[in-house]
Amino acid sequence: MARVSRRTRTGVVAAAGLLAGTTLIGGCGGEQDSGPRAGAGSEAGEESATGGGGDGAEGDEAAAEVVRTAHEKTVAAETAKMTLKVRAAMGGQQQTLTGDGTVDLADGTSDLTFEAGGGERIEQRVVDETLYQRLPDQAREQLGVDKPWVSVDLRELAGSDGTVGGVRINDPIRGLDYTRALDDDATRVGTEEVGGVATTRYRVNVDVEELAGENTAESERLRQQLGDSLPMHLWLDDQDRIRRQQFEISLDGEAARSNSRAQSQPPSRETRDATVRTVIEFSDFGTEVEVSPPPAGKTEDVTDKLARRADRSPNG
């Protein structure tokens with residue numbers, strides 16, 4: 001398959017964020033946030049500020065040299081199994097989205113299943129730059145579609161500004177793309193296992209201006225959303241491939257309300273500042289990835305509907 005541009009792959013999260021219906025920010029309010037929970041999978045390790053090995057911090061120059069090549073070496077593996085965990089916290093409450101499946105790291109082809117609050121499941125495929133989702137009934141009603149699957153032409157979204165309502169921070173491929181633009185401020189934190197694999201953990205920063213490239217409008221939008229840089233943690237294996245990455249993005253109350261409006265959910269008067277933490281893990285590099293589109297007769301194209309929402313959104 002042809003390699004997909006970064007701008008096209010960026011459109012995946014724009015579509016996914018709107019199509020999910022059970023959105024993390026717009027719908028946050030299910031679980032009470034009682035603080036970190038011990039023993040919740042690998043979450044304690046993910047949130048640790050020091051890593052598991054206690055090896056101390058390595059000089060920035062040596063660490064930066066290692067992490068600069070991480071994206072290229074990870075994509076060179078071509079394919080992988082992937083898990084995703086996104087947790088949004090707002091006003092003392094939180095909601096979690098989890099997902100797993102397989103992904104082509106070079107061209108964005110993927111087959112993923114997501115589960116949101118209430119046990120709702122969302123099947124998602126990306127094939128030849130088109131995103132397909134099988135949505136819960138409520139999400140289909142919000143979009144005004146009758147067929148079980150919806151599709152989005154990612155090239156058309158990327159042809160405008162690559163976003164819909166500013167909602168695209170949780171796409172796993174976009175998350176990997178963040179690692180293309182790391183600055184020189186990197187620190188080796190320690191060592192620990194991820195999925196049974198020995199890794200080294202690094203604390204890095206994404207250069208937001210470099211991430212946007214020469215697109216001035218994109219640079220300004222990202223800066224408003226992320227600031228000048230985005231702190232991130234990477235866990236690299238002995239081949240310097242990314243096994244886990246974690247980053248957290250803060251949204252002020254207005255951004256959270258805009259996100260809610262973009263997804264046809266009434267914004268709460270009590271919408272407050274929110275944080276969205278994303279943890280992505282890759283394993284089984286080289287795994288087979290074969291994905292087919294759903295039947296055409298069971299699929300409705302909603303690209304234009306999402307594009308119109310982008311036009312109405314203050315962040316679009």
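Up top you'll find the structure we're talking about.
The following refers to the structure shown. Starting afresh in each chain, residues are numbered from 1 along the sequence in its written order. In view of the model being predicted, local features appear only for residues whose pLDDT reaches at least 70, and side-chain atom pairs are presented and counted only at 80 or more, with totals across whole chains, interfaces and linings using the full set of residues. Excluded from the side-chain calculations are hydrogens and water; all other atoms, namely the structure's heavy atoms, are used.

**Quick notes on the overall build of the protein**
Rules: Secondary structure elements are defined from DSSP: runs of H or I of at least 4 residues count as helices, runs of E of at least 2 residues count as strands, and each element is numbered from the N terminus. Each residue is placed in one exposure class: buried if its accessible area under a 1.4 Å probe, protein chains only, is under 20% of its type's maximum, exposed if it is over 50%, and partly exposed if it falls in between. What makes two residues a contact is simply this: any of their non-hydrogen atoms within 4.5 Å. Here, Shrake-Rupley sampling with a 1.4 Å probe gives the accessible areas, and only protein chains in the shown set may cover a residue.
When you go through the protein residue by residue, the secondary structure sums to eleven helices and 13 strands. Taking all 316 residues of the protein together, 53% fall into the buried category. Taking the intrachain contacts of the protein between residues at least 6 apart in sequence as the baseline, contacts between residues at least 24 apart amount to 71%. For the protein, the exposed surface amounts to about 13,900 Å²; the carbon and sulfur share of it is 42%.

**Quick word on the environment of Gly101**
With respect to the secondary-structure elements, Gly101 resides in strand 3 (residues 93-104). When sequence neighbours within four positions are dropped, the list of residues in contact with Gly101 reads Ala80, Lys81, Met82, Asp111 and Leu112.

**Some details on the pairing of strand 5 (residues 121-127)**
For a regular strand, side-chain orientation follows a simple rule: the groups alternate between the two sheet faces. To be explicit about the condition: Should DSSP find at least two bridges between two strands, the strands are taken to pair.
Sheet analysis places strand 4 (residues 110-115) next to strand 5, joined by six bridges and oriented antiparallel. Each bridged residue has a counterpart across the sheet, and for Asp111 the counterpart in strand 5 is Arg125. Joining the antiparallel neighbours strand 4 and strand 5 is a turn of five residues, in which Gly118 adopts a positive phi near 80°. Summarising the sheet, strand 5 and strand 6 (residues 130-134) pair through five bridges and their orientation is antiparallel. Across the sheet, Val127 pairs through a bridge with Thr130, a residue of strand 6.

**Comments concerning the packing of aromatic side chains**
How we decide: Pairing of aromatic rings covers Phe, Tyr and Trp, the last through its six-membered ring, and needs centres within 6.5 Å; plane angles under 30 degrees mean stacked, over 60 mean edge-to-face, and all others mean tilted. In this scheme, the term charge over a ring applies when either NZ of a lysine or CZ of an arginine sits within 6 Å of the ring centre and within 35 degrees of the ring normal.
Applying the stated rule across the entire model yields one aromatic pair. Aromatic pair Tyr178 and Phe247: ring centres 5.3 Å apart, planes at 65°, arrangement edge-to-face. You can see Tyr178 sitting in helix 7 (residues 172-178) and its partner Phe247 sitting in strand 11 (residues 242-251), a full 69 residues away along the chain. Looking at Tyr178, the relative accessible area reads 1%, which means it is buried. For Phe247, a relative accessible area of 2% translates into the label buried. In this arrangement the basic side chain of Arg244 is found over the ring face of Trp235, its NZ or CZ atom lying 4.9 Å from the centre.

**A word on the side chain of Asp237**
For the record, the criterion: Under the rule applied, a polar contact is a pair of N or O atoms within 3.5 Å (in protein, one hydrogen donor and one hydrogen acceptor; residues adjacent in sequence only if both atoms are side-chain atoms).
Its location among the elements puts Asp237 in the loop between strand 10 (229-236) and strand 11. Residue class for Asp237 comes out buried when judged on its relative accessible area of 5%. In terms of polar contacts, Asp237 uses its side chain to reach the backbone amide nitrogen of Gln239, at 2.8 Å. For Asp237, the residues in contact, after removing those within four places along its chain, are Val197, Ala198, Thr199, Arg243 and Phe285.

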